[in-house]
Amino acid sequence: MMPESEAAESASSTGETLKTALRKIAIFADLTEEQMDWFVAHSEDMRFASGDVVIHEGDPADLLIVLLEGELRGRRDSAGVDSPIFIVHSGQVTGMLPFSRLTSITVTFRAFGSTRMASLHKKNFPEMMAQIPQLVPRLVSVLADRIRDVSRADQQRDKLTALGKLSAGLAHELNNPASAARRSAEGLRNCTRDLRRANARLDQVALSPDQRSFLAEFEEHVIEKLASAPALDSLVQSDREDEMTAWLEQHRVPNASKFASGLVEANVEKEALQRLVEKFDAQVLHDALARIVAAVSAEKLTCEIEATTGRISELVQAIKEYTYMDQMPEQEIDIHKGIESTLTMLKFRLKKGVNVTREFDKTLPRICAHGSELNQIWTNLIGNAIDAMDGKGELRIRTSRELDTLLIEITDNGPGIPENVKAHIFEPFFTTKGVGEGTGLGLDTVYRIVRSHHGHITFESQPGRTSFQIRLPLKQPKPATQ
């Protein structure tokens, strides 16, 4: 056991060393000797090797920490490997701070390099504020900076998460028409090959000018009727193909089943085919039908390519409208256009079972706003509604004029917002979702954007009906002159 004189001398030496280290930190540099002696006497000098866990996630938040040497790196282990990393550098103050409502540590901090820190228990805060009053505003400033930094990091993570979800949905939405267009293009290549072969065989036959003219007119008529041909269910289609195959076989057409499907899809009647039978013999009839079916299939595939590439163009246009790409950040916008582009962006989530009802007042004037910011409002509110309904239900979006404001209502038939949650609904970081599913910043972002546009947001909720109302002024007030 160390003698009392040596222990006192060691404590004094350690205290002097800690005092010297604290003097190097800005918020402690101008404290009096008595104030520094008090802080050193009530603090614990702690040292850690690189990699040591300094604070565990979930530990009580009861220590003010002054990092004297080294570096601390923290991560929310419960949020997985994608959790952002928080870094505390030498000379910074962290942990529990006066007036903070922090109850437990949300991050696991590890030492990075040889680390030294001074810790002060929160039970000493009242006496510290009495003994060293000038520390209070400095620590409050540290607390404000920490809140701002954490909020900014979580907002960035929330935006990246939302962007990731939208990107994944858009990739899926773009992949479907792109794959369909590719399949149609491959089919079109086969059709043009069949068409060339049929024409080559017909060129070898001494057809009269009348026969050639008749075949061209017949083919053109069939293609014109293709656009208006009724869609048939699979059972009716199968029955008609069987009938067509039997009819063609009766007229000694080789490979009759090969042509039946194309002729039925083009709604070619037997009476029309009878005229072909009267004009051509069996072998020429086979080549004529091959040419007609190939031409019909080529036309059909061309229409499919046009439709699928048109869908891709719509999605690209929706992205441009959603982000207001190549446009001024604030401009006169059509509120309905932004809502529609948002619905297009979220289509991959809506089509799982959400029925959208639009009640738009098309007479509403344009308003001057940041279009991309308003689209964040619609994205968050519609996304929350989809989550509340568990991907299946009724979503109603209504716009109207209310005095000098534009009213947008987004209503879902989900289970509603619990009473104990309503008071906290717009608080930053408040969320009812599981870990990793939400940051609690969605409605806070909505609230801030609405307020920045001089508007108001309210909500009503009960089981089976939750409605958010956004009111935006039709004319934005001019900024006050300095």
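Here the structure is a predicted model, which means the values were calculated and not measured.

### Some thoughts on the overall build of the chain
No. 1: What the chain contains, in helices and strands, is 14 helices and 13 strands.
No. 2: Counting all 482 residues of the chain, 41% fall into the buried class.
No. 3: When the accessible area of the chain is evaluated, it comes to approximately 26,600 Å², of which 52% is carbon and sulfur surface.

### Quick look at the nonpolar core
No. 1: L22, F28, F39, L64, V66 and M128 are the most contacted members of the largest nonpolar core, which has 40 residues in total.
No. 2: The biggest single contributor to this core is strand β3 (residues 63–75), with six residues.

### Quick notes on unusual backbone geometry
No. 1: Here D390, not a glycine, exhibits a phi torsion of approximately 60 degrees, which is positive.
No. 2: Summarising the element assignment, D390 is placed in the loop between α12 (371–388) and β10 (393–402).
No. 3: In this structure, H454 is a non-glycine residue whose phi angle is positive, near 60 degrees.
No. 4: Considering the arrangement of structural elements, one finds H454 in the loop between α14 (442–452) and β12 (456–462).

### Re helix α7 (residues 256–265)
Because each turn of an α-helix spans 3.6 residues, side chains separated by three or four positions in sequence point in the same direction.
No. 1: Of all the residues in α7, the buried ones are A256, F259, A260, G262, L263 and V264.
No. 2: Positive backbone phi, approximately 60 degrees, marks N267, located one or two places after α7.

### Describing the pairing of strand β13 (residues 465–473)
Side-chain direction in a regular strand flips from residue to residue, so the side chains alternate between the two faces of the sheet.
No. 1: For β13, the buried fraction is high: seven of the nine residues fall into the buried class.
No. 2: Bridge count between strand β11 (residues 405–412) and β13: eight bridges; the pairing is antiparallel. Each bridged residue has a counterpart across the sheet, and for L406 the counterpart in β13 is L472.
No. 3: Where β12 meets β13, seven bridges bridge the pair, whose relative direction is antiparallel. Counterpart to T458 in the pairing with β13 is Q469.
No. 4: Between β12 and β13, which follow one another and run antiparallel, lie two residues, and G464 among them has a positive phi close to 95 degrees.

### Details of the packing of aromatic side chains
No. 1: Tallied over the full model, the rule gives three aromatic pairs.
No. 2: Seen in terms of ring centroids, F214 and F218 are 6.1 Å apart; in terms of plane orientation they differ by 35 degrees. Their pairing is tilted. On the criterion of helical spacing, the pair formed by F214 and F218 is a turn pair, its members being four residues apart in helix α5 (residues 209–226).
No. 3: Accessibility expressed as a relative area gives 7% for F218, which makes it buried.
No. 4: The ring of F112 has R73 lying over it, and the distance from NZ or CZ to the ring centre is 3.7 Å.
No. 5: Sitting over the face of the ring of F214, K279 holds its NZ or CZ atom 5.5 Å from the ring centroid.

### Concerning the packing of helix α6 (residues 234–250) against helix α8 (residues 270–279)
No. 1: Running from N to C, α6 and α8 point in directions that differ by 20 degrees, and their axes come no closer than 12 Å. By the angle between their directions, the pair α6 and α8 is classed as roughly parallel. α6 and α8 meet at a crossing whose hand is right-handed. Here α6 contributes E243, M244, W247 and L248 to the contact with α8, which in turn contributes K270, L273, Q274 and V277.
No. 2: Residues that form the contact of α6 with α8 fall into these classes: five nonpolar, one polar and two charged.

### With respect to the environment of E373
No. 1: Structurally, E373 is set in helix α12.
No. 2: A C-alpha to C-alpha distance of 9.7 Å links E373 and H453, two positions 80 residues apart in sequence.
No. 3: Discounting chain neighbours no more than four positions away, the residues touching E373 are I449, S452 and H453.

### Details of the confidence of the model for the chain
No. 1: Overall, the predicted model of the chain reaches an average pLDDT of 81, with 82% of residues at or above 70.
No. 2: Note that pLDDT drops below 50 for residues 1–15; the model gives that stretch four contacts with residues more than four away or on any other chain.
No. 3: Note that residues 434–440 has pLDDT below 50 and, in this model, 14 contacts with residues that lie over four places away or in other chains.

Cut-offs and rules
Residues numbered from 1 in each chain as written. Predicted model: local features only at pLDDT ≥ 70, side-chain atom pairs only at ≥ 80, totals over all residues. Heavy atoms only, no water. Helix = DSSP H or I, 4+ residues; strand = E, 2+ residues; numbered from the N terminus. Buried < 20%, exposed > 50% of the residue type's maximum accessible area, 1.4 Å probe, protein only. Areas by Shrake-Rupley, 256 points an atom, 1.4 Å probe, with all protein chains shown as cover. Core = buried A, V, L, I, M, F, W, Y, C linked by side-chain atoms within 4.5 Å. Pairing = 2+ DSSP bridges. Phe/Tyr/Trp six-rings, centres within 6.5 Å; stacked < 30°, edge-to-face > 60°. Lys NZ or Arg CZ within 6 Å of the ring centre and 35° of its normal. Axes fitted to C-alpha atoms, helices over the stretch in contact; angles between N-to-C directions. Parallel < 35°, antiparallel > 145°, perpendicular 65-115°, else oblique. Left-handed = near helix turned anticlockwise from the far one by under 90°. Contact = heavy atoms within 4.5 Å. Nonpolar A, V, L, I, M, F, W, Y, C, P; charged D, E, K, R; others polar. pLDDT = per-residue confidence, 0-100.

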